[in-house]
Amino acid sequence: MSYLETAAQFYSEVAQTPQVGLCCVQSTPLQLPGLNIPSKMQEMNYGCGTTVHPTELGNQPTVLYVGVGGGLEALQFAYFSRRPGAVIAVDPVLEMRQAAARNLEIAAKENPWFDTSFVEIREGDAFNLPVPDDSVDIVAQNCLFNIFEPEDLTRALQEAYRVLKPGGRLQMSDPIATRPIPEHLRKDEQLRAMCLSGALPYEEYIQRIISAGFGQVEIRDRRPYRLLDSQTYNLQENLLLESLDSVAFKVIIPEDGACVFTGKTAIYAGSEPFFDDEAGHVLPRGIPASVCDKTAAKLADFMPDKIMITDSTWHYNGGGCC
Ligand SMILES: C[S@@+](CC[C@H](N)C(=O)[O-])C[C@H]1O[C@@H](n2cnc3c(N)ncnc32)[C@H](O)[C@@H]1O
């Protein structure tokens, strides 16, 4: 049996017998006015963060949701799009698709604004998304891609890129590892399926997103997720996993490299009213301007005594220059 089959079997089991908090962190789902999340759906909250960013979901976007789970985030996306077929939710596991469909039926009874036609559940997997090229505004996945082996992660990222419209967004939440996870854990298919041993270090995770073609990546959140303690996991030292929420844009990669926003700002401290690097970055004196990590590094090199670069906040949500 391949590791993907082990994962499918695991998710078939947790679709039939929900296991609160077993797979991923049990967190309070995003609350929205007039949204009632059925308790069955909450029990099946198998995500590790959120991919639903409420301030960016205007204009009723078409969303392809990969790995439907109990349907919680599909319902949250439908809250914004509110039209038939706007959310297409894909899952290879029959029992998971059935559980999500049942939960969405309950949601329709508990939410007057919601109709089950707003979420179309389809059989499919992350490597073969059942939609045409350039056809959706958003691809979202929560706590799924981390279970893939690195080469499969690349395939899944490339497949997401294929189906996104130009300018479209890949919204993800995944565990990342604060140092490489040792081989004996990476090979453990059950732990991998449980989102505990497939996580990559931050740098490799981001690099794989960029290698799939995404020209801009924004980090929305980064926080502690789980501790793999040395005794239980046979490690020399405890290993902290973090959970990372990101949004990657299908835009051309600039010649000097992709823009990754992690919440850094640049602040000009010279004697002029502003600083202009003549490469598109104008910094008014004393006022923080959001910059991507690439620009932050260039500006810091250029004028270390006149430009202060603030640390990554890991809470970037727009604005500034790259
Ligand atoms: C950790 S759960 C996350 C569920 C949901 N995103 C959530 O936040 O609750 C992973 C989901 O991905 C599905 N899945 C497993 N293998 C998959 C694959 N190769 N392609 C797409 N989905 C897959 C599982 O059946 C399950 O629904």
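Going along each chain's sequence as written, the residues are numbered from 1 onward. Owing to the predicted nature of the model, reporting of local features is limited to residues with pLDDT of at least 70; listing and counting of side-chain atom pairs is limited to 80 or more, with chain, interface and lining totals taken over all residues. As a convention, hydrogens and water are excluded, and side-chain values are obtained from all of the structure's heavy atoms.

A.B. asks: Before we go on, may I ask you to explain the nonpolar core in this structure?
C.D. replies: Where a protein is soluble and globular, its nonpolar side chains tend to be buried together. Here, nonpolar core refers to any group of buried Ala, Val, Leu, Ile, Met, Phe, Trp, Tyr and Cys residues whose side-chain atoms link them within 4.5 Å. Three exposure classes are used, based on accessible area relative to the maximum for each residue type with a 1.4 Å probe and protein chains only: buried under 20%, partly exposed in between, and exposed over 50%. Counting residues in each nonpolar core, the largest one holds 92 residues, and the members touching the most others are Phe145, Phe148 and Ile206. Secondary structure elements follow DSSP: runs of H or I of four or more residues count as helices, runs of E of two or more count as strands, with numbering from the N terminus. The greatest single-element share of this core, amounting to seven residues, is contributed by helix α3 (residues 72-81). The criterion used for residue contact is that any of the two residues' heavy atoms lie within 4.5 Å. With near-sequence residues (within four places) excluded, Ile206 lies in contact with Val217, Ile219, Leu244 and Val260. Phe275, Ala289, Ala296 and Met303 belong to the second-largest nonpolar core, a separate cluster that totals 10 residues.

A.B. asks: Please explain helix α4 (residues 94-110) as it appears in this structure.
C.D. replies: Since there are 3.6 residues in each turn of an α-helix, residues three or four apart along the chain are aligned in direction. Take the number of residues in a helix, subtract one, and multiply by 1.5 Å to get its expected span. Its 17 residues place the ends of α4 25 Å apart at the C-alpha level, agreeing with the 24 Å of an ideal helix rising 1.5 Å per residue. Along α4, the positions that sit buried rather than exposed are Met96, Arg97, Ala99, Ala100, Asn103, Leu104 and Ala107. Axial view of α4: buried residues confined to an arc of 160 degrees, hence all on one face. Buried-residue contacts for α4 involve α1 (3-16), α2 (39-43), α3, β2 (87-91) and β3 (119-123). Taken from the helix axis, the directions to the C-beta atoms give the arc we talk about.

A.B. asks: Before we go on, may I ask you to explain the pairing of β2 in this structure?
C.D. replies: As a general feature of sheets, a regular strand has side chains that alternate between the two faces. Most of β2 is tucked away: five of the five residues are buried. With burial as the criterion, each face of β2 is covered, one bearing Val87, Ala89 and Asp91 and the other bearing Ile88 and Val90. DSSP bridges decide pairing: two strands pair if at least two such bridges lie between them. Where strand β1 (residues 63-66) lies against β2, four bridges are found, and the strand directions are parallel. When the sheet's bridge partners are listed, Tyr65 is paired in β2 with Ala89. Bridging between β2 and β3 involves five bridges; their strand directions are parallel. The residue of β3 that forms the bridge with Asp91 is Glu123. When the strands point away from the viewer, a crossover counts as right-handed if the path from the first strand over the helix to the second runs clockwise. A crossover links β2 with its parallel partner β3, the connecting element being α4, and its sense is right-handed.

A.B. asks: Teacher, can you tell me more about the domain arrangement of the chain here?
C.D. replies: What marks off one domain from the next here is an automatic or database domain assignment. On domain assignment, one finds that the chain holds domain 1 (3-249) and domain 2 (262-309). Relative placement of domain 1 and domain 2: their C-alpha centres are 36 Å apart.

A.B. asks: What's the story with the site of the ligand in this structure? I'm lost.
C.D. replies: Whether a residue is near a molecule or strand depends on its heavy atoms: if one lies within 4 Å, it is near. Taken together, 22 residues sit near the ligand, with Tyr46, Tyr65, Gly69, Asp91 and Ala126 positioned nearest. For the purposes of these results, a polar contact is taken to be a pair of N or O atoms within 3.5 Å, where, inside protein, one atom must be able to donate a hydrogen and its partner to accept one; residues adjacent in sequence count only when each atom of the pair is a side-chain atom. Contact between the ligand and Tyr65: a nitrogen atom at 2.9 Å from a side-chain N or O atom of the residue. Between a nitrogen atom of the ligand and a main-chain N or O atom of Asn142, the distance comes to 3.2 Å. Throughout, the Shrake-Rupley method with a 1.4 Å probe supplies accessible areas, and for residues the shown protein chains are the sole cover considered. Contact with the protein chains covers 97% of the free accessible surface of the ligand, which is 590 Å². For the ligand, the cavity whose grid points lie within 2 Å of the majority of its atoms is the largest pocket. Using a grid of 1 Å spacing that covers the protein atoms alone, one calls a set of points a cavity when a 1.4 Å probe fits there but cannot get out, and a pocket when the set is open and has protein on both sides within 12 Å along at least five of seven lines; lining residues are those with an atom within 4 Å of a point. Any molecule with more than half of its atoms within 2 Å of a cavity's or pocket's grid points is regarded as sitting in that cavity or pocket.

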